[in-house]
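# Residue-level structural notes
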Amino acid sequence: MTATNPVDVLQALIRCPSVTPAEAGALDVLENLLSQLGFTVDRMVAKDQDTPDIENLYARAGTDGPHLMFAGHSDVVPVGAETDWSAGPFSGDIRDGMLYGRGAVDMKGGIACFIAAYARLVEAGKVPKGSVSLLITGDEEGPAVNGTVKLLEWAAERGERWDACLVGEPTNPDSLGDMIKIGRRGSVSGTVTVKGVQGHAAYPHLADNPVRGALSLAKSLMFPAFDTGTENFQPSNLEVTTIDVGNAATNVIPASARFKFNIRFNDVWTADSVKAEIIRRLDAASVDPELRPDRAAIGYDIIWSERPSHVFLTRNNALIASLSGAIETVTGKTPKLSTTGGTSDARFIKDYCPVVEFGLVGQTMHMVDERVAVSDLETLTVIYQTFIEQWFAHADA
Ligand SMILES: [Zn+2]
């Protein structure tokens, strides 16, 4: 295997079936490669209750600042029915210029390109003046309990400090160079239970139908819109994701009704202020007489899901400019600076240093026949190499 060739590195990684929580040799491949490139490699096993132990990897080359971190995950999602794949999901086979396999784009491909980029700098005698580290978790696609959070804490306790981080998740919708992620929306979920009085559907005055109350409360969360968006973020959006009564009879008014919701919120809000707004809306709707004329206020309980994701926006110009500049130099395209999509491990890293995300084209992630263009692997390697050089040049100045 040649470390400077991202295809070689990616094939070796794909051939390790590291479906969360299995390590399956993927970290062995990385440890061997990184050790040869001059990294000090640590493998850290994280444990917690009710969730599998996870092996993670932290590797650092250099001892001084400035310090650039690359973050990613070596685990992959399950393959589904192997027979649905046109090439083995752990084969790494190349056909018509496409390399097939689970993790090709999400995100063993990104890791392979970063290692190849660094290896080319080593080969050219251009090792950056400072430190480069890789923070690779085996628990991004799973519960994410024994992954990035614990690995960051573990490294920080040992005195590790970073000046910037690049996450190599697939960020491009259509082609390489489309999009950098410079932040993420926050996410909060909850369950609302509305209490009623059970009774006969023909005698509603003797009962209190909680479905009526649940509909009023759910509507208050969906309308009006929470905001109209901000300079860097799309409008916040709440979706009611399920309404459950579980009533098998049509002639019985049920005793309670329940609905769940999730809101993706922008930088108008914090997790706390968006929760307060939700309570305000529910309280206002609970006295709305539209569906329940002449009734007392709707009685409801709300339970918040355990850990909200906080919204963040990276405002580190040197970091964003180094990455944008590298993408423009290599592809001729000006990438969009975006905060769209779901959450990522960047939400944990942002507490330690400025973080941006840029990787491969995401179209086939988590799908049957996940694949990456071999030409994209070469292009991303050159982008990463250029980025590393430009970031250290900026950081030095
Ligand atoms: Zn991923």
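Going by the annotation in an unreviewed UniProt entry, the name recorded for the chain is Succinyl-diaminopimelate desuccinylase, with Peteryoungia aggregata LMG 23059 given as the source organism. UniProt annotates the chain under Catalytic activity (unreviewed entry) with the comment "N-succinyl-(2S,6S)-2,6-diaminopimelate + H2O = (2S,6S)-2,6-diaminopimelate + succinate". Turning to the chain, the UniProt annotation filed under Function (unreviewed entry) states: "Catalyzes the hydrolysis of N-succinyl-L,L-diaminopimelic acid (SDAP), forming succinate and LL-2,6-diaminopimelate (DAP), an intermediate involved in the bacterial biosynthesis of lysine and meso-diaminopimelic acid, an essential component of bacterial cell walls."

All right, on to the overall build of the chain then. Counting its secondary structure elements, the chain contains nine helices and 19 strands. With the principal axes as the frame, the chain shows a C-alpha extent of 85 × 50 × 40 Å. With 397 residues in all, the chain has 52% of them scored as buried. Of the contacts made within the chain by residues no fewer than 6 positions apart, 79% connect residues no fewer than 24 positions apart. Counting only carbon and sulfur atoms, one obtains 50% of the accessible surface of the chain, whose full area is about 17,000 Å². Across the chain, the mean location of the 34 positive side-chain charges is 5 Å away from that of the 51 negative side-chain charges.

We now examine the UniProt feature "domain: Peptidase M20 dimerisation" (unreviewed entry) in the chain. The UniProt record annotates "domain: Peptidase M20 dimerisation" (unreviewed entry) at residues 182–285. Taken end to end, residues 182–285 comprises 27% helix and 33% strand; its first and last C-alpha atoms sit 36 Å apart.

Counting 60 residues, the largest nonpolar core has Leu30, Leu34, Phe39, Phe70, Phe358, Tyr384 and Phe387 as its most contacted members. Here this core gets nine residues from one element, more than from any other, and that element is helix H3 (residues 108–123). Apart from the residues within four sequence positions on either side, Phe387 is in contact with Leu68, Leu166, Leu319, Ser322, Leu323 and Ala326. The next biggest cluster of nonpolar side chains, apart from the first, holds 25 residues, and it includes Leu217, Phe233, Val240 and Ala285.

Sheet architecture is open: four strands sit in the order S12-S14-S10-S15, paired in antiparallel fashion. Two strands lie at the open edges of the sheet, namely strand S12 (237–244) and strand S15 (299–304), each paired on one side alone. Recorded for the sheet is a direction-independent mean angle of 20° between the axes of neighbouring strands. Across seven bridges, S12 lies against strand S14 (residues 256–265) in antiparallel orientation. Along S14, the bridge assignment pairs Asn237 with Arg264. The strands touched by helix H5 (residues 210–222) are strand S10 (186–195), S12, S14 and S15; relative to S14, the strand with the most contacts, the crossing angle is about 5°. Along the sheet face, helix H6 (residues 271–286) touches S10, S12, S14 and S15 and points at about 165° away from the line of S15.

Looking at the secondary structure, you find Glu357 in strand S18 (residues 355–357). Look at Glu357 and you get buried, because its relative accessible area is 1%. A polar side-chain atom of Glu357 sits 3.0 Å from a polar atom in the side chain of Ser344. When residues no more than four places from it in sequence are discounted, the contact partners of Glu357 are Leu166, Val167, Glu169, Thr171, Ile180, Lys181, Arg184, Ser344 and Ala346.

The end-to-end C-alpha distance of H5, which contains 13 residues, comes to 18 Å, matching closely the 18 Å that a straight helix rising 1.5 Å per residue would cover. For H5, every residue scored as buried is listed here: Pro210, Gly213, Ala214, Ser216, Leu217, Ala218, Ser220 and Leu221. Buried residues belonging to H5 abut S10, S12, strand S13 (252–253), S14, H6 and S15. Where H5 begins, one side-chain oxygen reaches toward the backbone nitrogen of Val211, 2.9 Å away; that side chain belongs to Asn209.

Binding of the zinc ion to the protein goes through His73 (NE2), Asp106 (OD), Glu169 (OE) and Glu169 (OE), at separations of 1.8 to 2.7 Å. Each donor residue of the zinc ion lies on one chain, and together they are spaced H-x32-D-x62-E. You can see Asp106 sitting in the loop between strand S5 (98–100) and H3 and its partner Glu169 sitting in the loop between strand S7 (164–167) and strand S8 (179–181), a full 63 residues away along the chain. Considered together, Asp106 and Glu169 belong to a single accessibility category, that of buried residues.

Time to look at the packing of helix H1 (residues 6–14) against helix H2 (residues 26–36). Packing of H1 against H2 leaves a shortest axis separation of 8 Å and a crossing angle of 150°. The angle between H1 and H2 places the two elements in the roughly antiparallel class. Touching Val9, Ala12 and Leu13 of H1 are Ala26, Val29, Leu30 and Leu33, all from H2. Of the residues assigned to the contact of H1 with H2, the class counts are seven nonpolar, no polar and no charged.

All right, on to the packing of aromatic side chains then. Aromatic ring pairs are defined here through the distance separating the ring centres and the angle between the ring planes. On inspection of all chains with the given rule, the structure shows ten aromatic pairs. Relative to Trp154, the ring of Tyr58 lies with its centre 6.3 Å away and its plane at 75°, an arrangement referred to as edge-to-face. On the criterion of sequence distance, the pair formed by Tyr58 in strand S2 (residues 51–61) and Trp154 in helix H4 (residues 148–157) is long-range, its members being 96 residues apart. Overall, Tyr58 belongs to the buried group, its relative accessible area being 4%. Centroid distance Phe114 to Tyr384: 5.8 Å. Interplanar angle 65°. Geometry classified as edge-to-face. Taken together, the residues span a long stretch of sequence, with Phe114 in helix H3 and Tyr384 in helix H9 (residues 374–396) at a distance of 270 residues.

Criteria and cut-off values
Residues numbered from 1 in each chain as written. Predicted model: local features only at pLDDT ≥ 70, side-chain atom pairs only at ≥ 80, totals over all residues. Heavy atoms only, no water. UniProt positions renumbered as here; feature names shortened; annotations may be inferred. Helix = DSSP H or I, 4+ residues; strand = E, 2+ residues; numbered from the N terminus. Buried < 20%, exposed > 50% of the residue type's maximum accessible area, 1.4 Å probe, protein only. Contact = heavy atoms within 4.5 Å. Areas by Shrake-Rupley, 256 points an atom, 1.4 Å probe, with all protein chains shown as cover. Lys, Arg positive; Asp, Glu negative; His and termini not counted. Charge placed at Lys NZ, Arg CZ, Asp CG, Glu CD. Core = buried A, V, L, I, M, F, W, Y, C linked by side-chain atoms within 4.5 Å. Pairing = 2+ DSSP bridges. Axes fitted to C-alpha atoms, helices over the stretch in contact; angles between N-to-C directions. Polar contact = N/O pair within 3.5 Å; in protein donor to acceptor, adjacent residues only side chain to side chain. Expected span 1.5 Å × (residues − 1). Donors = N, O, S within 2.8 Å, 3.2 Å for Na, K, Ca; no water. Parallel < 35°, antiparallel > 145°, perpendicular 65-115°, else oblique. Nonpolar A, V, L, I, M, F, W, Y, C, P; charged D, E, K, R; others polar. Phe/Tyr/Trp six-rings, centres within 6.5 Å; stacked < 30°, edge-to-face > 60°.

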